[in-house]
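# Secondary and tertiary structure notes
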Amino acid sequence: MSTGPEVRVRAPGKINLALRVGPPDGDGYHPLATVFQAVSLHEDVIAAPALDLRLTVEGPDADRVPLDDSNLALRAARLLQERTGITAGAHLHIVKQVPVAGGMGGGSADAAAALLACDQLWGAGLDRTELVALARELGADVPFALTGLTAVGTGRGDVLTSAMVSGTYHWVLAVQDVGLSTPEVFAAFDDDGGRAAPAPHLDDALLAALRAGDPHEVARHLVNDLEGPALDLRPELRDVLAAADRAGALAAVLSGSGPTVAALAVDERHARSVAAVVREAEVARDVLVVSGPAPGARVLEHVSGG
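Summary of the structure given here.

The next subject is the pairing of strand β10 (residues 261-265). Within β10, five of the five residues are buried, which leaves it mostly tucked inside the rest of the structure. Neither face of β10 is open: one carries Val 261, Ala 263 and Ala 265, the other Ala 262 and Leu 264, and all of them are buried. Note: strand β7 (residues 169-175) against β10, five bridges, orientation antiparallel. Paired with Val 172 across the two strands is Ala 263, which belongs to β10. Strand direction decides the pairing type here: strand β9 (residues 251-254) and β10, joined by four bridges, are antiparallel. Its bridge partner being in β10, Val 253 is matched across the sheet by Ala 262. The antiparallel hairpin formed by β9 and β10 contains six residues in its connecting segment, where Gly 256 sits at a positive phi of about 55°.

Take the pattern of salt bridges next. Taken as a whole and assessed by the stated rule, the structure comprises 17 salt bridges. Put simply, Arg 20 and Asp 225 hold a salt bridge, and the shortest N to O gap is 2.7 Å. With Arg 20 in strand β1 (residues 6-21) and Asp 225 in the loop between β8 (223-224) and α8 (227-233), this residue pair connects regions lying 205 residues apart in the sequence. On the accessibility criterion, Arg 20 (29% relative accessible area) is partly exposed. The salt bridge partner of Arg 83 is Glu 137, with a shortest N-O separation of 2.7 Å. One end of the pair, Arg 83, is in helix α1 (residues 72-84); the other, Glu 137, is in helix α3 (residues 128-138), with 54 residues separating them in the sequence. Taking relative accessible area as the criterion, Arg 83 reaches 48% and is therefore assigned partly exposed. Taken together, the salt bridges that share partners define one network made up of Arg 8, Arg 10 and Asp 44.

Cut-offs used in this document
Residues numbered from 1 in each chain as written. Predicted model: local features only at pLDDT ≥ 70, side-chain atom pairs only at ≥ 80, totals over all residues. Heavy atoms only, no water. Buried < 20%, exposed > 50% of the residue type's maximum accessible area, 1.4 Å probe, protein only. Helix = DSSP H or I, 4+ residues; strand = E, 2+ residues; numbered from the N terminus. Pairing = 2+ DSSP bridges. Salt bridge = Lys/Arg side-chain N within 4 Å of Asp/Glu carboxyl O.

This is the structure we're talking about:
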């Protein structure tokens, strides 16, 4: 079997600094205009030689991760097999940090990491452009997990343009016990007037603030068109946003389709202060301090496989 040593790949979770959503098209998909930022909360995928494809998971909410063919990491490996004609297998082991169904692209990070890990393990030799093309077939957020940093996403969020960013941004993440279904949030958006929404458009002021490295100005332009529908489905999230405001965050916004809330701080010290107050409010299962932009999927190490 032509497989190399075990490969470990790390891919980042993301937050949406801006998420503008248009009306659904004939296929039910919504055009998006978004600004992604990859953050220092990541997923690791370890790919080891095996006779077939199989998956194991550890970390927070590991019991909520499907191990069948609905799992994006397994789908990524199968897609790579199909497109390259490779018949070798792999044991994929996911070490989770990103919340499950939290609006932070954890499953997409798994898929991106699995693509890169299996490409390396099997010696497929695909370049980044080819991997991104496969990633687009797996889901709208998967290409960004490969590229990381900060990017503008259009189309379904999968057409990426790098965004110029100065400095480091510090975020407080309020993670919930129970996830939110992305299809349910989009359905609520449609029911709340989304079918007549205008074409999505990003505010140039946000991109200018990112170029300037000004967190105060960035905070003024954080926006998420899915926040209202998500709050309708989960009214208790209003308490999270209120706690972040009381804690002195520059601003707080729902990440993606939620329910994770991301609060922007001035610097790391301020972020830790905000996190302490949000933690004391007992409005989240866990409160984390992260930073961005973080790099996209990358190989961490090669170690001898058994």
